[in-house]
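Per-entry structural report
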Amino acid sequence: MRTEREEKAEEKRLAIMMMKKREKYLYDKIMFGKKRHVRETHKCRSPDGWSCVTESSSRASSVCSLASSALHCADGGGGQERRGLQNHQGFLSGSNQAAMMVGKPVKQWRSICKGLILGTLLTICMILLYCLSASEVQFGLQEVPVPYSCAHRPSAAHSSTISNSSHHASGQRICTPKVDIMFMKTHKTASSTFLNILFRFGEKHHLKFAFPNSRNDFFYPSPFHRSQVKDYKPGMCFNIICNHMRFNAAEVAKVLPADTSYITILRHPADLAESSFHYFGRIVPLTWRLSGNDKMREFLTDPKLYYDPEGFNSFYLKNLLFFDFGQDSNLNPDDPKVDEAIQAIAKHFHLVMLVEYFEESLILLKDALCWDMEDLLFFKLNARKGSTVSKLTPELRAKALEWNAIDWKLYQYFNTTFWHKVDAYGRERMARDVEELQRRNAEMASICIEGGHAVDAGSILETSMQPWQPIGEKSIMGYNLKKNVDKAHGKLCRKMLTPELQYLTDMGVNLWITRLWGHIREILHW
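A brief look at the structure comes next. Owing to the predicted nature of the structure, the values given are computational and were not obtained by experimental measurement.

1. With respect to the packing of aromatic side chains
One pass over the structure, following the stated rule, counts 28 aromatic pairs. Aromatic pair F199 and F211: ring centres 6.3 Å apart, planes at 65°, arrangement edge-to-face. Of the two residues, F199 is situated in helix α4 (residues 191-204) and F211 in the loop between α4 and β4 (240-241); the sequence distance between them amounts to 12 residues. There is no split in this pair, since F199 and F211 are both buried. One aromatic cluster is present, built from ring pairs that chain together Y220, Y279, F280, F315, Y316 and F323.

2. Digging into the pattern of salt bridges
One pass over the full model with this rule turns up 18 salt bridges. Notably, a salt bridge pairs K230 with D231, separated by 2.9 Å at the nearest N-O pair. With a relative accessible area of 27%, K230 lands in the partly exposed category. E251 is the partner of K254 in a salt bridge, and the nearest nitrogen-oxygen pair spans 3.5 Å. Taken together, the shared-partner salt bridges connect E436, R439, R440 and E443 into one network.

3. Overview of the packing of α4 against helix α11 (residues 358-369)
Running from amino to carboxyl end, α4 crosses α11 at an angle of 30°, the nearest separation of the two axes being 12 Å. What the angle tells us is that α4 and α11 run roughly parallel. For the crossing formed where α4 meets α11, the hand is right-handed. Note on element contacts: α11 touches α4 through F358, L362 and L365, opposite T193, F194 and I197.

What counts, and at which threshold
- Residues numbered from 1 in each chain as written.
- Predicted model: local features only at pLDDT ≥ 70, side-chain atom pairs only at ≥ 80, totals over all residues.
- Heavy atoms only, no water.
- Phe/Tyr/Trp six-rings, centres within 6.5 Å; stacked < 30°, edge-to-face > 60°.
- Helix = DSSP H or I, 4+ residues; strand = E, 2+ residues; numbered from the N terminus.
- Buried < 20%, exposed > 50% of the residue type's maximum accessible area, 1.4 Å probe, protein only.
- Salt bridge = Lys/Arg side-chain N within 4 Å of Asp/Glu carboxyl O.
- Axes fitted to C-alpha atoms, helices over the stretch in contact; angles between N-to-C directions.
- Parallel < 35°, antiparallel > 145°, perpendicular 65-115°, else oblique.
- Left-handed = near helix turned anticlockwise from the far one by under 90°.
- Contact = heavy atoms within 4.5 Å.

What follows is the structure, given as structure tokens:
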């Protein structure tokens, strides 16, 4: 039989073994609790983010209390094991404190990562949608000649005062409005205002428009192809094409009749550069490195530092007009190809209007196409708030012209031809007609526009009157339709004030991609 001393030694040995097993169990419990605590911290929904930490800590403390009692019984209150337990309790407390300290930063980083991943996924989805919706270029399309004219003579001929054509003794000639029109819509050149004029003219004469499908442009910046036209079939008759495109003369000619009048509009390159930089800058990654408050100044000071011809959307930053006409905007300005391209543009386009002389341009259009004065009525659409326009110093304007040297060359050429047309029309006659157009526009403004002027986007009451905004801000102004407009003017007023996208929708154009992108921007507050 074992002695009493041996039995006590055996009991102590067994107690130590039990204590070690419980210590291991307690350690595993602590580590599991720590991991679970971190997970629960991220799931917390309380404003301060610590309520779950407190709950986890209390559960861990309960486990610790139970383990402490068991160990105390095992060694009869012995100090060594109790000190070991206290060390483990200290470890537990420290782990909870550490988790609390790192919980909030981890949560913040996790939110940032989620935002980046979400933004990346949305961008990829939009690119895929654009690609899937793009009309496949059908190189095997049958070549069916378009009729010489698609005009169906819907309106009676009317008299027009002229100075350079055969006419009656009264100074009037009988002419029929030209309805086959190609308007090359360039960027940031008041082209949305002119589009509104064309839409109303087309509806008045029941004309057929060649519209894009699912978007408000012909898959810009890809060169135009006739397969991009909604419901296109070879040999179809279209009267007007006017949405944004990258001009491709050969393909456009396969959509429109031979008697089509080609019209476009230009803007002074320094002002265009400022407007384009403001409107498109956030979608050009090359500009994201600009850190100063005056990014336009920083860019123009050394544009080559930030510009890459192969960069995504880089065409918005240099010679945008030349690019819109389907040309290489990165050519050297002295390259013979530049002059050849300008001559080709001059050959194709019957009238090149100028933003700075918009009303004079409309009078020349009226004369060339035999339109009425009422066809020219307009309100300025898609205009920016004055406070968002960067005031370019003479030095910066010079730098902008130097950087956009090809556009400057293009503008100078057609500025000269424009004033030759004005001289042929007659300066005094032009002044009288401009004054008459201004009078009629002011009269319409008093009838149609609440307050008689444009307002900030936040002050526009009707959603149908809200213009499309650039990413990151609401700088484009719009109008409120005057209440109780008389029946004689109600329909015309609404049409004159309707922004481009809403007007396209009213005319039956499916803009689902544009609309989807707009909803995504609203969700992300872009």
